[in-house]
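Each chain, written out:
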Amino acid sequence: MSDEPPTTSETASSPPSNGWRLLLRGLEVRLRFVIGLLILTGVMAGWPWLRGGWERLTARWHPQHATSAVSGDTEFFCPMDPGVI
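Just so it is clear, the model here is predicted, and its values are computed rather than measured.

**Comments concerning the overall build of the protein**
In terms of helices and strands, the protein carries 3 helices and 0 strands. Reading the helices (α) and strands (β) of the protein from amino to carboxyl end gives α-α-α. When each of the 85 residues of the protein is scored for burial, the buried share is 4%.

**A word on the packing of helix α2 (residues 18-45) against helix α3 (residues 47-58)**
Contact pair α2 / α3: the axes reach a minimum separation of 4 Å and the direction vectors enclose 60 degrees. Compared by their axis directions, α2 and α3 come out oblique. The residues of α3 that touch α2, namely those facing Val-43, Met-44 and Ala-45, are Trp-47, Pro-48 and Leu-50. Residues belonging to the contact of α2 with α3 are distributed by class as follows: 6 nonpolar, no polar and no charged.

**What to know about α2**
In this model, α2 (28 residues) spans 40 Å end to end at C-alpha, consistent with the 40 Å of a helix rising 1.5 Å per residue. At Leu-31, α2 shows its maximal kink, close to 35 degrees.

**Focus: α3**
What sets the pattern is the α-helix's 3.6 residues per turn: residues three or four places apart point alike. Look at α3: 16 Å from first C-alpha to last across 12 residues, which is about the 16 Å you get at 1.5 Å a residue. Considered for burial, the residues of α3 that qualify are Gly-52, Gly-53 and Thr-58.

**What to know about the confidence of the model for the protein**
For the protein, per-residue confidence averages 78 on the pLDDT scale, and 68% of positions sit at 70 or higher. Looking at the elements of the protein, mean pLDDT is at its lowest for helix α1 (residues 8-12), recorded as 54, and at its highest for α2, recorded as 91.

**Focus on the side chain of Thr-58**
Examined against the element boundaries, Thr-58 turns out to sit in helix α3. According to the relative accessible area criterion, Thr-58 is buried, its value standing at 13%. Within the structure, Thr-58 has its side chain in polar contact with the backbone oxygen of Trp-54 (distance 2.9 Å).

Calculation rules
Residues numbered from 1 in each chain as written. Predicted model: local features only at pLDDT ≥ 70, side-chain atom pairs only at ≥ 80, totals over all residues. Heavy atoms only, no water. Helix = DSSP H or I, 4+ residues; strand = E, 2+ residues; numbered from the N terminus. Buried < 20%, exposed > 50% of the residue type's maximum accessible area, 1.4 Å probe, protein only. Axes fitted to C-alpha atoms, helices over the stretch in contact; angles between N-to-C directions. Parallel < 35°, antiparallel > 145°, perpendicular 65-115°, else oblique. Contact = heavy atoms within 4.5 Å. Nonpolar A, V, L, I, M, F, W, Y, C, P; charged D, E, K, R; others polar. Expected span 1.5 Å × (residues − 1). Bend = angle between axes of the 7 residues up to and from the residue. pLDDT = per-residue confidence, 0-100. Polar contact = N/O pair within 3.5 Å; in protein donor to acceptor, adjacent residues only side chain to side chain.

Here's what the structure looks like:
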């Protein structure tokens, strides 16, 4: 090894010092919660769009949504109050 000081190209490619590394790690840890909340907010805000897209994708596997399982002439009644139809 030589006793010459490092050139500017060698210092630019060296990793950050421990102080900067600790600062960046601290920001990463602290911002993880905020980033999670932002992602959750984005999913909640886009939920109608996500649900509509999912229903369009899965509509071909669920044909019962297109036709009704109950005919129009079927009557239902309450077993506890048979007068309610």
